[in-house]
Amino acid sequence: MTQGSVNQLGEIIPQTLNAYAPNVFPEFHQTLQTHFPGAVPMSKYMRKTFQSLSTYGFCDENTMGMIAICRDEIAEPLFIEVIRYWGKTFNCCSLAGFVMMGKTGLAAATDHTPIVDGLRRFTFYAMPHVAISRHGDIGKVYRDGVQKVSHACGALETVVKELASGHLKLEMDMQDIEQTIIRQKILSTLTYGDKPDLIEITKLASRIISNDVENLLNTLDSSVFNYAVMTGIQIHGPLDTHWIYPQDFYVVGADISEGKEHIKVFQ
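Described in the following lines is the structure provided in the data block. (Residues numbered from 1 in each chain as written. Predicted model: local features only at pLDDT ≥ 70, side-chain atom pairs only at ≥ 80, totals over all residues. Heavy atoms only, no water.)

Positionally, D197 belongs in the loop between helix 7 (177-187) and helix 8 (198-217). Classification of D197 as partly exposed rests on a relative accessible area of 37%. Spatially, the C-alpha atoms of D197 and V159 are 9.6 Å apart, while their sequence positions differ by 38 residues. One polar contact links the side chain of D197 to the main-chain amide nitrogen of I199, over a distance of 3.2 Å. (Helix = DSSP H or I, 4+ residues; strand = E, 2+ residues; numbered from the N terminus. Buried < 20%, exposed > 50% of the residue type's maximum accessible area, 1.4 Å probe, protein only. Polar contact = N/O pair within 3.5 Å; in protein donor to acceptor, adjacent residues only side chain to side chain.)

Now for the environment of Y192. Relative to the helices and strands, Y192 is located in the loop between helix 7 and helix 8. Each C-alpha atom, one on Y192 and one on T180, is 18 Å from the other, the two residues being twelve residues apart in sequence.

Further remarks concern unusual backbone geometry. Leave glycine aside and you will find that most residues have negative phi; peptide bonds, for their part, are mostly trans. The amide bond that connects A152 to the next residue, C153, takes the cis arrangement and shows omega of 5°. One can find C153 in the loop between strand 8 (150-151) and helix 6 (154-165). Of note in the backbone geometry, F25 takes a positive phi value of approximately 60° without being a glycine. Relative to the assigned elements, F25 resides in the loop between helix 1 (3-12) and helix 2 (26-35). Phi at D240 is positive, roughly 60°, even though this residue is not glycine. Checked against the element boundaries, D240 lands in the loop between strand 9 (225-236) and strand 10 (242-252). Judged by its relative accessible area of 62%, D240 is exposed.

The end-to-end C-alpha separation of helix 6 is 16 Å, in line with the 16 Å expected for twelve residues at 1.5 Å each. Buried residues belonging to helix 6 abut strand 8, helix 7 and helix 8. Where helix 6 terminates, the next one or two residues include G166, which has phi positive at roughly 80°. (Expected span 1.5 Å × (residues − 1). Contact = heavy atoms within 4.5 Å.)

The complete set of buried residues in helix 5 (residues 102-111) reads G105, L106, A109 and T110. Viewed along the axis of helix 5, the buried residues span an arc of 125°, placing them on a single side of the element. Seen from the open side of helix 5, the exposed residues pointing more than 90 degrees away from its buried face are K103, T104 and D111. Buried residues along helix 5 sit against strand 2 (63-68), strand 3 (89-91), strand 5 (119-126), helix 8 and strand 9. (Arc of directions from axis to C-beta.)

The two faces of a sheet get side chains in turn, since along a regular strand they alternate between them. Across the twelve residues of strand 9, twelve count as buried, placing the element largely inside the fold. Bridge count between strand 5 and strand 9: seven bridges; the pairing is parallel. Bridging across to strand 9, R120 finds its partner in F225. Across three bridges, the pairing between strand 6 (residues 129-131) and strand 9 is parallel. Bridged to A131 within strand 9 is H236. Two strands pair when backbone bridges link them, and strand 9 and strand 10 are joined in this way by nine bridges, in the antiparallel orientation. Of the residues in strand 10, the one forming a bridge with Y227 is V252. Between strand 9 and strand 10, which follow one another and run antiparallel, lie five residues, and L239 among them has a positive phi close to 55°. (Pairing = 2+ DSSP bridges.)

With that settled, the discussion passes to the side chain of T49. Along the chain, T49 turns up in helix 3 (residues 42-54). Judged by its relative accessible area of 0%, T49 is buried. In this structure T49 touches Y125, M230, F249 and F266, once residues within four positions along its chain are discounted.

Attention now goes to the nonpolar core. One finds F124 and L156 to be the most contacted residues of the largest nonpolar core, which totals 52 residues. The biggest single contributor to this core is helix 8, with ten residues. If we ignore the near neighbours within four places in the chain, the residues touching F124 are M66, A68, C92, M101, V213, L217, A228, V229 and M230. Core analysis: the next-biggest nonpolar cluster, separate from the first, contains 24 residues, F79, Y85, Y125 and A228 among them. (Core = buried A, V, L, I, M, F, W, Y, C linked by side-chain atoms within 4.5 Å.)

Below, the discussion takes up the packing of aromatic side chains. Per the counting criterion, the structure on display carries nine aromatic pairs. With a centroid separation of 5.9 Å and an interplanar angle of 50°, the aromatic rings of F28 and W243 are classed as tilted. With F28 in helix 2 and W243 in strand 10, this residue pair connects regions lying 215 residues apart in the sequence. An identical accessibility class is assigned to F28 and W243; each is buried. An aromatic cluster of at least three residues, connected via ring pairs, comprises Y20, F28 and W243. Directly above the aromatic system of F36 lies the positively charged group of K203, at a separation of 5.3 Å from the ring centroid. Positioned over the ring face of Y250 is K260, at 4.1 Å from the centre of the ring. (Phe/Tyr/Trp six-rings, centres within 6.5 Å; stacked < 30°, edge-to-face > 60°. Lys NZ or Arg CZ within 6 Å of the ring centre and 35° of its normal.)

In structure tokens, the structure reads:
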């Protein structure tokens, strides 16, 4: 059975296939568990983060969502989930999910957060993404209306190919600023001669994004802002399944012991 016929079958009678079940598309699940052990369905991830944060006083009435994911349309389901749980959500998206908003963007976002009992609360989801086909191929995805294999994340795959070829575009391209920044951030963390594959560079991007989010939000006054950060990797599977490989999950606030607490629900 071809990928195209699987897509068609999924659209006609999707209830007959549960792609989240390990026995459906076993090659996908083997690749997922080999390279992203502990990855959970996106719906479970969102439910767990919401439930965990409710014990810290976060709810949709007093909290605004913020999200930094890739501009790719296949990443949109995570944006929709954040809106579903947290209501109004500030768009911090860029290529590959890198955090490009800076202090000005953060000031705009935080100025929109509700003030309840003297506190402003927000949740910040930030992560790159990668696709895995039903055959376990990393980076391959089949999009509706496109009669050929596509790729995710294309921005990160471009850097992988440049490193593999040894031809890097090091100049600032004002017509391609986001990709230039992505390339520079990745190169600044590598040792000369490193040639990471797409899995390695996606995990590296996730660490860079986590650090960038932490450094950006550290500028906020925790006596005014209570916030939670969720980072990891968004994974697209067959039949429009979506998974999250969790990384950081912590909450910051003046009323929290030592000002910051890591939540270990996914460990």
